[in-house]
Amino acid sequence: MFTRVINEEYAVLHNANEIARLGRRALIITGKYSAKKNGSLLELSKVLNDTGTEYVIFDKIEENPSVETIKEARDMGVSKGTDFCIGLGGGSPMDAAKAIAILLYHSEKDVNYLYEKPSSDEVDEYGHTLAYPVVAIPTTCGTGSEVTGVSVLTRHDLKTKKSLPHLVFPEVALLDPRYLMYAPESVLRNTAIDTMSHLVESYVNTKATTESKALVIEGLKLWSRGKDVILGKRKVGYTKDEHIENVSDFVKRTQDPDKAEADKITDLKILSDMLTASNIAGEAIAITGTSLPHALSYRLTYQAGIKHGPATGIFQPGFLSFADEDTQKKLLRAMDFASMEDFKAFLGRSCDIKGIGDMEYSLLVENSIKDILADPKRIEKVPYPVNREVLESIVS
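Engineer: Could you clarify how one ought to interpret the nonpolar core in this entry?
Structural biologist: Most often, soluble globular proteins keep nonpolar side chains buried together rather than apart. If you look at the biggest cluster of nonpolar residues, it comprises 67 residues, and the most contacted ones within it are Met 196, Trp 223, Leu 292, Leu 331, Met 335, Phe 343 and Tyr 384. Residue contributions to this core peak at nine residues, all from helix H10 (residues 257-288). Each residue touching Leu 292, except ones within four places of it in the same chain, is listed here: Glu 201, Phe 319, Ile 372, Arg 378, Ile 379, Val 382, Tyr 384, Val 386, Leu 391 and Ile 394. Counting 24 residues, the second-largest nonpolar core is a separate cluster that includes Ile 29, Ile 61, Ala 73 and Leu 164.

Set out below in structure tokens:
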């Protein structure tokens, strides 16, 4: 594995030197709100200040970041003389940080370079694109971007999302489940579904290895411990307190101090398992890549605004149903589902695609099917024959 992973409570505060050693001036890549609410930006700022590391903050990363936003961040980084990037947040800031690190290193290139295959003198001995160092600090439990070399950006010109032809692995990933205590229920649900999608697509894959398959089974077992959180049956973490006299923004969901402390310990264990599952899923897809459900999801996300997790999750039962029986049994058992019908029912309750009508859905998936059939590379990792009939069955 190319990324050093540190998974512990207070990971950022305990590993200041792991960050400071990577450069003189950091460009922090994050969104507008979540990193401020969960305390991660405050802790990161403290670490940088304590180590004498200068930094500037770019907090305009949107969900599914666009190429245009990446250019804006790169221009800011160049003007401020930054020499490494810190992706702080969910998959969007971490993917963005990789892309920005490429453009900062190759500052003479324009933004089109992101979708050009690097030349032999622009990669290292592993085939990874030369870039400034990246630190990844995930605050959701979904993408695994902190341990993959992949970056997926929104292409407004193509009206879809598309992976870069570059590989950039973070130097270090700092995982702290405490940050998830502040995540909204919808974020935990949607990103956890993405984790499951990564794991299933990595296992049902022609590039799967003994190592990646073992990772998938381990990851799915951990993921299954968060199923009640995904369904909303168990409320975890802190909630916004609207009481006018409260001095803190967030409180536990009970006013009983003893119960609040016990709940906190249990919540952190569940969230730690969900975060670790996401990280393991990232390790697995770093080996294999994703497959058909992700390819089918991009138009739903870009054109219909469906969240990425549900947009991949709805296709998993159909995708898995064409795998061999032994594979189906192993994955369903690891996820603690009694049958494929149980799996379908779970995703029916947890994948919110209510914002799209039947006609719009049919049109978008039809165009996605055409995209896939027109590009053989999109199906080369599928371990069973794929044709229009198979794809139509998966999306039905």
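Engineer: Quick question: what am I supposed to make of helix H11 (residues 292-304) here?
Structural biologist: Because each turn of an α-helix spans 3.6 residues, side chains separated by three or four positions in sequence point in the same direction. The terminal C-alpha atoms of H11 lie 19 Å apart, and with 13 residues this matches the ideal 18 Å at 1.5 Å per residue to within 8%. Along H11, the residues that are buried comprise Leu 292, Pro 293, His 294, Ala 295, Leu 296, Ser 297, Tyr 298, Arg 299, Leu 300, Thr 301 and Ala 304.

Engineer: Mind showing me how you'd approach the sheet that holds strand S3 (residues 54-58) here?
Structural biologist: By way of backbone hydrogen bonds, the strands of a sheet pair with one another, either parallel or antiparallel. Spatially, the six strands line up as an open sheet ordered S1-S8-S5-S4-S2-S3, and their pairing is parallel. Across the chains shown, the open sheet's two edge strands, defined by having one partner strand only, are strand S1 (4-7) and S3. Here the strands of the sheet are splayed against their neighbours by 20° on average, with no regard to which way each runs. When strand S5 (residues 134-138) meets strand S8 (residues 172-175), the two strands line up parallel, connected through two bridges.

Engineer: Just checking my understanding: could you explain the pairing of strand S4 (residues 84-89) for this structure?
Structural biologist: The side chains of a regular strand alternate between both faces of the sheet. Here S4 lies mainly inside the structure; six of its six residues are buried. One ladder, built from five bridges, connects S4 with S5; its direction is parallel. Following the sheet pairing, Leu 88 is matched in S5 by Ile 137. Crossover connection from S4 via helix H6 (residues 91-105) to parallel S5: handedness right-handed.

Engineer: I would appreciate a short explanation of the packing of aromatic side chains in the present structure.
Structural biologist: Any aromatic ring pair is given by two values, namely how distant the centres are and how the planes are angled relative to each other. Applying the stated rule across the entire model yields ten aromatic pairs. Measuring from ring centre to ring centre gives 6.5 Å for Trp 223 and Phe 337, while their planes differ by 55°; the resulting arrangement is tilted. Of the two residues, Trp 223 sits in helix H8 (residues 210-224) while Phe 337 sits in the loop between helix H14 (325-334) and helix H15 (340-350), which places them 114 residues apart along the sequence. For the pair Trp 223 and Phe 337, a shared accessibility class is recorded, and that class is buried. Every member of this aromatic cluster is reached through a ring pair, and the members are Trp 223, Phe 337, Phe 343 and Phe 346. The side chain of Lys 213 reaches across the aromatic face of Tyr 203, ending 5.1 Å from its centre.

Engineer: Sorry, what's going on with the side chain of Ser 278 here?
Structural biologist: Mapped onto the fold, Ser 278 is located in helix H10. Within the structure, Ser 278 has its side chain in polar contact with the backbone nitrogen of Gly 144 (distance 3.4 Å). For Ser 278, the contacting residues outside a window of four places in its chain are Cys 141, Gly 142, Thr 143, Gly 144 and Thr 195.

Cut-off values and rules
Residues numbered from 1 in each chain as written. Predicted model: local features only at pLDDT ≥ 70, side-chain atom pairs only at ≥ 80, totals over all residues. Heavy atoms only, no water. Core = buried A, V, L, I, M, F, W, Y, C linked by side-chain atoms within 4.5 Å. Buried < 20%, exposed > 50% of the residue type's maximum accessible area, 1.4 Å probe, protein only. Helix = DSSP H or I, 4+ residues; strand = E, 2+ residues; numbered from the N terminus. Contact = heavy atoms within 4.5 Å. Expected span 1.5 Å × (residues − 1). Pairing = 2+ DSSP bridges. Axes fitted to C-alpha atoms, helices over the stretch in contact; angles between N-to-C directions. Right-handed = clockwise from strand over helix to strand, strands pointing away. Phe/Tyr/Trp six-rings, centres within 6.5 Å; stacked < 30°, edge-to-face > 60°. Lys NZ or Arg CZ within 6 Å of the ring centre and 35° of its normal. Polar contact = N/O pair within 3.5 Å; in protein donor to acceptor, adjacent residues only side chain to side chain.

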